[in-house]
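Examination of the molecular architecture
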Amino acid sequence: MTEILVVTSGKGGVGKTTTSASLATGLAQLGKKVAVIDFDVGLRNLDLIMGCERRVVYDFVNVIQGEATLKQALIRDKRLDNLYVLAASQTRDKDALTQEGVEKVLKGLEEDKFDYVVCDSPAGIEKGAHLAMYFADQAVVVVNPEVSSVRDSDRILGLLASKTRHAENGSGEVAQHLLLSRYNPVRVAAGEMLSVQDVEEILGISVVGVIPESEQVLAASNAGVPVILDNESLAGQAYQDTVARILGEERPLRFLDVQRKGLLKRMFGG
Amino acid sequence: MGILDFLRSKPKNTANLARERLRIIVAQERSTRGGPDYLPLLRSELLEVIRKYVHVDPDAVNVNLESDSGHDVLELSVALPESEDDNA
């Protein structure tokens, strides 16, 4: 069985692609055969975050339209040989994605015995986002501790419960995971930022992970290396915990407390 | 306010503000979710009619659609203002 996992959010810029890249890489690190698909037709970016932008020959739409086989279009990751990237088309219009086309590609991946397909959704609630979530078995909703992101997430949670294959066929529910990213415990302690508990309470769902705001996320995207591969970074470790929880392991949340500063640091800043 | 208070003064807790605003808007949006698209228009037209006769606040009109064991119930509640003069 191939498990289809969508990474979505509604709002743009909250870290969907960063999350897709890290979750896919994390699942592959644990031995799963994983494909990660960029659904953002016209605004391809997953290839950059995965560091394979110069190896894109064929894309998602090429496969849908029969111009390339799945095998030709899947880009094998240089670090993990059971991890593959399917890039979004950069040139086509959004109508190139169709429900039948997406279904065909997902079926092909199932025949190729993939364990996980991670679908990186575009922002918004239009066609691309709809198709990214439609076939999902599980959803990771990425949310930032910020009002517009929280509101949009609630909207997306509503869509996941009604506008997916499982909801329409009555074949069960899409498992919903809430992932809180860009979390800054110092600002939460100062009352400047919504806390984990606030977000959980407002949305009525508990988090599967909390990714602390971290300089290493930008460094990782600069280098084209998913941040989960940076074992030193808090964000990378938090993503590793998240992957373990998605696979059913119980792990306590980390990096939620303010790290105490020494007296000197407090006096002179830093 | 003493000087110590001044030194200790913190910026306002804006997270609480965010939480309260989100609680209200999320609850409101959930209540209309999945309902027919005409609800917002229905609400605003009803409001217009009511305002012809009574001065009510836009927020005072509440239109709610609830499904209850096979029946859809359209519930309309209007909070009338406290009358200042009874000729209104």
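Looking at an unreviewed UniProt entry, one finds chain B named Cell division topological specificity factor, with Oleiagrimonas citrea as its source organism. Annotation of chain B in UniProt includes, under Sequence similarities (unreviewed entry), the sentence "Belongs to the MinE family."

As named in an unreviewed UniProt entry, chain A is Septum site-determining protein MinD, taken from Oleiagrimonas citrea. Database annotation for chain A, UniProt heading Subunit (unreviewed entry): "Interacts with MinC and FtsZ."

1. Here we look at the interface of chain A and chain B
On the chain B side, the residues contacting the 15 residues of chain A number 14 residues. If you sort the residues of chain A by the area they bury against chain B, Arg 151, Asp 154 and Ile 202 of chain A come out on top, with a joint share of 40%. If you look at where chain A meets chain B, you find four salt bridges. Asp 198 of chain A is the salt-bridge partner of Arg 19 of chain B, the closest N and O atoms lying 2.8 Å from each other. At the boundary of chain A and chain B, one finds seven residue pairs in polar contact (both at pLDDT 80 or more).

2. Thoughts on the UniProt feature "domain: CobQ/CobB/MinD/ParA nucleotide binding" (unreviewed entry) in chain A
UniProt marks residues 5-227 of chain A with the feature "domain: CobQ/CobB/MinD/ParA nucleotide binding" (unreviewed entry), using the numbering shown here. Helix makes up 41% of residues 5-227 of chain A and strand 18%. Its end C-alpha atoms lie 19 Å apart.

3. Remarks on the packing of aromatic side chains
All names here are of chain A. Taken as a whole and assessed by the stated rule, the structure comprises three aromatic pairs over all chains. Taking the centre distance of 5.0 Å and the plane angle of 85° together, the rings of Tyr 134 and Phe 135 count as edge-to-face. The ring centre of Phe 114 lies 4.5 Å from the NZ or CZ of Lys 33, which sits over that ring.

4. Some remarks on the pairing of strand β6 (residues 138-143) of chain A
Residue and element names in this part refer to chain A. With six of its six residues buried, β6 lies for the most part within the structure. The side-chain alternation of β6 yields two buried faces, one formed by Gln 138, Val 140 and Val 142 and the other by Ala 139, Val 141 and Val 143. Where strand β1 (residues 3-8) lies against β6, four bridges are found, and the strand directions are parallel. Across the sheet, the residue bridging to Val 6 is Ala 139, located in β6. As paired strands, β6 and strand β7 (residues 175-183) are joined by six bridges and run parallel to one another. Paired with Ala 139 across the two strands is Gln 176, which belongs to β7.

5. Some points on the pattern of salt bridges
Counted under the stated rule, the structure contains 14 salt bridges over all chains. Between Glu 201 of chain A and Arg 23 of chain B there is a salt bridge, with the nearest N and O atoms lying 2.4 Å from each other. One end of the pair, Glu 201 of chain A, is in helix α10 (residues 196-203); the other, Arg 23 of chain B, is in helix α2 (residues 14-32), on a second chain. On the basis of relative accessible area, Arg 23 of chain B is assigned to the partly exposed category, the value being 34%. A salt bridge links Glu 20 of chain B to Arg 19 of chain B; its shortest N-O distance comes to 3.6 Å. A single network of salt bridges, built from pairs that share partners, joins Asp 198 and Glu 201 of chain A together with Arg 19, Glu 20 and Arg 23 of chain B.

6. Focus on empty space enclosed by the protein
All names here are of chain A. Under the definition given, this model contains two cavities of 30 Å³ or more. Thr 18, Ser 22, Ile 49, Val 217, Ala 220, Ser 221, Val 225, Pro 226 and Val 227 together form the lining of the largest cavity. Listed by contribution, the elements that provide at least two residues to the lining of the largest cavity are α1 (16-29) and α11 (215-223). Looking at which element gives the most residues to the lining of the largest cavity, the answer is α11, with three residues. Here the residues of the lining of the largest cavity are counted per class, giving six nonpolar, three polar and no charged.

7. Description of the side chain of Ser 233 of chain A
Residues and elements named next belong to chain A. By secondary structure assignment, the location of Ser 233 is in the loop between α11 and α12 (234-246). A polar atom in the side chain of Ser 233 sits 3.1 Å from the backbone oxygen of Asp 230. Ser 233 has contacts with Gln 216 and Val 227, leaving out every residue within four places of it along the chain.

8. Focus on the environment of Leu 106 of chain A
Residue placement: Leu 106 of chain A occurs in helix α5 (residues 99-111). Here the alpha-carbon distance between Leu 106 of chain A and Val 117 of chain A, two residues 11 residues apart in the chain, equals 7.9 Å.

9. Quick look at the UniProt feature "binding site: ATP" (unreviewed entry) in chain A
All names here are of chain A. Following the UniProt record, the feature "binding site: ATP" (unreviewed entry) maps to Lys 11, Gly 12, Gly 13, Val 14, Gly 15, Lys 16, Thr 17 and Thr 18 here. The subset of the named residues that lines the largest cavity consists of Thr 18. Tracing the backbone through its elements, the reader meets Lys 16 in helix α1. Within the structure, Lys 16 has its side chain in polar contact with the side chain of Ser 9 (distance 2.9 Å).

What counts and how
- Residues numbered from 1 in each chain as written.
- Chains lettered and ligands numbered in written order.
- Predicted model: local features only at pLDDT ≥ 70, side-chain atom pairs only at ≥ 80, totals over all residues.
- Heavy atoms only, no water.
- UniProt positions renumbered as here; feature names shortened; annotations may be inferred.
- Contact = heavy atoms within 4.5 Å.
- Buried area = accessible area lost by both parts, 1.4 Å probe.
- Salt bridge = Lys/Arg side-chain N within 4 Å of Asp/Glu carboxyl O.
- Polar contact = N/O pair within 3.5 Å; in protein donor to acceptor, adjacent residues only side chain to side chain.
- Helix = DSSP H or I, 4+ residues; strand = E, 2+ residues; numbered from the N terminus.
- Phe/Tyr/Trp six-rings, centres within 6.5 Å; stacked < 30°, edge-to-face > 60°.
- Lys NZ or Arg CZ within 6 Å of the ring centre and 35° of its normal.
- Buried < 20%, exposed > 50% of the residue type's maximum accessible area, 1.4 Å probe, protein only.
- Pairing = 2+ DSSP bridges.
- 1 Å grid on protein atoms, 1.4 Å probe; cavity = no way out; pocket = protein on both sides within 12 Å on 5 of 7 lines; lining within 4 Å.
- Points joined across faces, edges and corners; volume = space filled by probe spheres on them.
- Nonpolar A, V, L, I, M, F, W, Y, C, P; charged D, E, K, R; others polar.

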